[in-house]
Amino acid sequence: MKHEWKKHEKEIYGVKAKPCVLDIPTQKYIILSGRGNPNDEIFSDKVAALFSVAYKIKMAYKAFAPKSNEITDYTVYPLEGIWSMASEKEYLVKEELQYRIMIRQPDFISRKMFDNALETVKVRKNIPYLTDISFETICDGRCIQILHKGAFDDEPASFEIMDGYCMEHGYKRM
């Protein structure tokens, strides 16, 4: 069976146009951190590095997973990110953004599988930032999410909606 996150994890990835509260369990990710404008080439290079490793992990799992496993293949998860400002300002300064971009990994992916895939990609491709990718377990816990439609430059409007929701329902944004 192929695990497809869009079908099997709707409670997490079925994001709505209005804010909603949900509890995110502990999950595994491959992660890159950085600072700066997401429109800059360095950000695109980091995204490319993450996806190169994510697809290598997937292909290795698909090739070597025992046929007796319930899951023998999976769909690569989408890019996710945690963003913050380097300093407190009332307006968005993209050059001061700090980020952790990540791609979730299924529970059955191990650190050893990540290490092997990372080493293979390092040998076969000359991609910057591969040495900066880490494999981590994160528990987000309770959070608020909203579906943002449109350009990255329009994201502050979605944050304002979530901020309003937080204030209205007694939550504190972190």
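As the structure is a computational prediction, the values presented were derived from the model and not from experiment.

## Digging into the side chain of Ser 52
Then step 1. Counting through the fold element by element, Ser 52 comes out in helix H3 (residues 41-64).
Then step 2. For Ser 52, the side chain forms a polar contact with the main-chain oxygen of Ala 48, separated by 2.9 Å.
Then step 3. Contact partners of Ser 52, with chain neighbours within four places excluded, come to Val 121 and Ile 127.

## Some thoughts on helix H5 (residues 155-169)
Then step 1. Compared with the 21 Å implied by 1.5 Å per residue over 15 residues, the 21 Å span of H5 between its first and last C-alpha is a close match.
Then step 2. Within the span of H5, buried status applies to Ser 158, Met 162, Tyr 165 and Cys 166. Seen end-on, H5 carries its buried residues on one side only, within an arc spanning 100°. More than 90 degrees from the buried face of H5, the exposed residues found are Glu 160, Met 167 and Glu 168.
Then step 3. Here the buried face of H5 lies against strand S2 (20-35) and strand S6 (134-145).
Then step 4. Note on H5: the residue one or two positions beyond its end, Gly 170, has a positive phi of about 75°.

## What about the nonpolar core?
Then step 1. With 32 residues, the main nonpolar core has Ile 30, Val 53, Ile 57, Phe 114, Leu 130 and Ile 133 as its most contacted residues.
Then step 2. Where this core is concerned, the elements lending two or more residues are helix H2 (10-13), S2, H3, strand S5 (97-105) and helix H4 (111-124).
Then step 3. Take this core: its biggest share by element is eight residues, from H3.
Then step 4. When sequence neighbours within four positions are dropped, the list of residues in contact with Phe 114 reads Ile 30, Val 53, Ile 57, Ile 133, Ser 134 and Phe 135.
Then step 5. One finds Ile 146, Met 162, Tyr 165 and Cys 166 within the second-largest nonpolar core, a separate group that totals five residues.

## Quick look at the packing of H3 against H4
Then step 1. In contact at an axis separation of 9 Å, H3 and H4 are set at 120° when each is read in the N-to-C sense. For H3 against H4, the interelement crossing comes out right-handed. When H3 is examined against H4, the residues Ser 52, Val 53, Lys 56, Ile 57 and Tyr 61 are found in contact with a partner set consisting of Met 113, Phe 114, Ala 117, Leu 118, Thr 120, Val 121 and Arg 124.
Then step 2. In the contact of H3 with H4, the residues fall into eight nonpolar, two polar and two charged.

The rules we used
Residues numbered from 1 in each chain as written. Predicted model: local features only at pLDDT ≥ 70, side-chain atom pairs only at ≥ 80, totals over all residues. Heavy atoms only, no water. Helix = DSSP H or I, 4+ residues; strand = E, 2+ residues; numbered from the N terminus. Polar contact = N/O pair within 3.5 Å; in protein donor to acceptor, adjacent residues only side chain to side chain. Contact = heavy atoms within 4.5 Å. Expected span 1.5 Å × (residues − 1). Buried < 20%, exposed > 50% of the residue type's maximum accessible area, 1.4 Å probe, protein only. Arc of directions from axis to C-beta. Core = buried A, V, L, I, M, F, W, Y, C linked by side-chain atoms within 4.5 Å. Axes fitted to C-alpha atoms, helices over the stretch in contact; angles between N-to-C directions. Left-handed = near helix turned anticlockwise from the far one by under 90°. Nonpolar A, V, L, I, M, F, W, Y, C, P; charged D, E, K, R; others polar.

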